[in-house]
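Close look at the chain arrangement
Chain by chain, the residues run as shown.
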Amino acid sequence: MFPSCVGGCRTTVLLLTRCFQQQQQFRYGLKTARFLRTETCIGRQFHSATAAVSGSSFVVCDYRFGSKRSYTSANTGSSCLKMTGAAKKYTTVERGAPNSTDYRVFIKTEDGQSVSPLHDIPLYANDAKTVYNMVVEVPRWTNAKMEISLAEGLNPIKQDVKKGKLRFVANCFPHHGYIWNYGALPQTWENPDHLDPNTGCKGDNDPIDALEIGSRIAKRGEVVQVKILGTVALIDEGETDWKVITIDVNDPVADQLNDVNDIDKVFPGLLKATVEWFKIYKIPDGKPENQFAFNGEAKDAAFAIKVVEETHKFWRTLINKEIEDTGISCLNTTVEGSPYLVASDAAEEVLAKSASGGNSEPHTDAIDKWHYITLK
């Protein structure tokens, strides 16, 4: 972790020297700059960073996030971009029988405090706001349509239900289940009263959806630190439904992906498959193809980040009770100043009152069926 700048340049370099593990000489123009290499922790994730030290300043090239951060120091003092400490760790508590309408996944902090995955988990995972927390609802290759429950206190993850039956997404050949780790960015809300000028449609009253495209299959309820690569704009039954494309910052190839154009270079065909998946996944249920804004073109990281920032502002109006009657429970245990803030013992009561039993539905072969779709 980069140290705080506590003195002049000599002190800064000393501290860096203690932190960084390897050194090598690099000639830059007429000057020689010393490059220092280390493994740096962002939350629970590790990545390589390189610092060039010369004179009274040094530049940190953060290859994991494709960015440079400049640090300066003078004899009279110093200034330094503060890097975040370790991200909070979370655990899951399962209630009710799996594969039943009573099944819920609640989230707790490492020290046992119950939290809402929608309201209490921060959107940003570092001080620079370049890393984001993502709550995994659906692990890759699975079919159960799991989602954060908006109406219930503490917003546990549950399986969606239609006509009293648990919902599963169909396997539309050649796709099996969800083709990425699928989830939501906490502390975001797509305002159903806001007409998006980019899509011409209002929001869908949900947190913004996130697709994590890395190699690891995540676990339900896991909180993953990701960076944003881009977004596609699904128009779902006349509502804007942004799908933000991300990658786990700890993925082996995360340093090769910094924008939407990098995806096809590293994962050829994945963007096309993503648009196709969303276009056809409801057809086996008798619904028409889904439509997209921008003709299905994926927008870049800068565009996606602006969308996320806007939905974060909408969430603030929600959690501060500037907007009411949304059908969303805003019960939380950490958001200072929120009128919905409750003490930890009150949150524990909510969890304790959730169902502890239930009957699991039997597995049906329909979940494993291939559906062959002819695109128009």
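Just so it is clear, the model here is predicted, and its values are computed rather than measured. Along every chain, residues carry numbers that run from 1 in the direction the sequence is written. Only residues with pLDDT of at least 70 are given local features in this predicted model, and only at 80 or more are side-chain atom pairs given and counted; all residues enter the totals for whole chains, interfaces and linings. The side-chain numbers reported here are obtained from all heavy atoms of the structure, hydrogens and water having been left aside.

1. A few points about the overall build of the protein
- Put simply, DSSP H or I for four residues or longer makes a helix, DSSP E for two residues or longer makes a strand, and each gets a number counted from the N terminus. Helix and strand content of the protein: 5 helices and 23 strands.
- Buried residues are those whose accessible area, probed at 1.4 Å on protein chains only, stays under 20% of the maximum for their type, while exposed residues exceed 50% and partly exposed ones sit between those limits. Taken across its 376 residues, the protein has 51% of its residues classed as buried.
- At a minimum sequence separation of 6, the contacts of the protein that also span at least 24 residues come to 62%.
- Each accessible area value is a Shrake-Rupley result obtained with a 1.4 Å probe; residue values ignore everything except the protein chains displayed when judging cover. Put simply, the protein shows about 18100 Å² of open surface, and 49% of that area lies on carbon and sulfur atoms. Whether two residues are in contact is decided by their heavy atoms, any of which lying within 4.5 Å being enough.

2. Some words on a nonpolar patch on the surface
- For patches, a residue must show more than 30% relative accessible area and have no salt bridge; joins then use 9 Å for like charges and 5 Å for nonpolar side chains, namely Val, Leu, Ile, Met, Phe, Trp and Tyr. In what follows, salt bridge is the name for a side-chain nitrogen of Lys or Arg lying within 4 Å of a carboxyl oxygen of Asp or Glu. Where nonpolar side chains cluster on the molecular surface, the patch consists of F173, W370 and Y372 and spans about 360 Å² of accessible area.
- Among the secondary structure elements, Y372 is positioned in the segment after β23 (370–371).
- Residue classification places Y372 among the exposed residues on the basis of a relative accessible area of 61%.

3. Quick notes on the side chain of S329
- By the secondary structure assignment, S329 is in the loop between α4 (301–319) and α5 (344–352).
- Ignoring sequence-local partners within four residues, the contact set of S329 consists of H119, L150, A151, E152, G153, L154 and N155.

4. Quick look at unusual backbone geometry
- At the junction of F173 and P174, the peptide bond is cis and its omega measures out at 5° in the coordinates.
- Here P174 is to be found in the loop between β15 (171–172) and β16 (181–184).
- Even without being a glycine, N205 presents a positive backbone phi close to 70°.
- For N205, the position within the fold is in the loop between β17 (202–203) and β18 (209–212).

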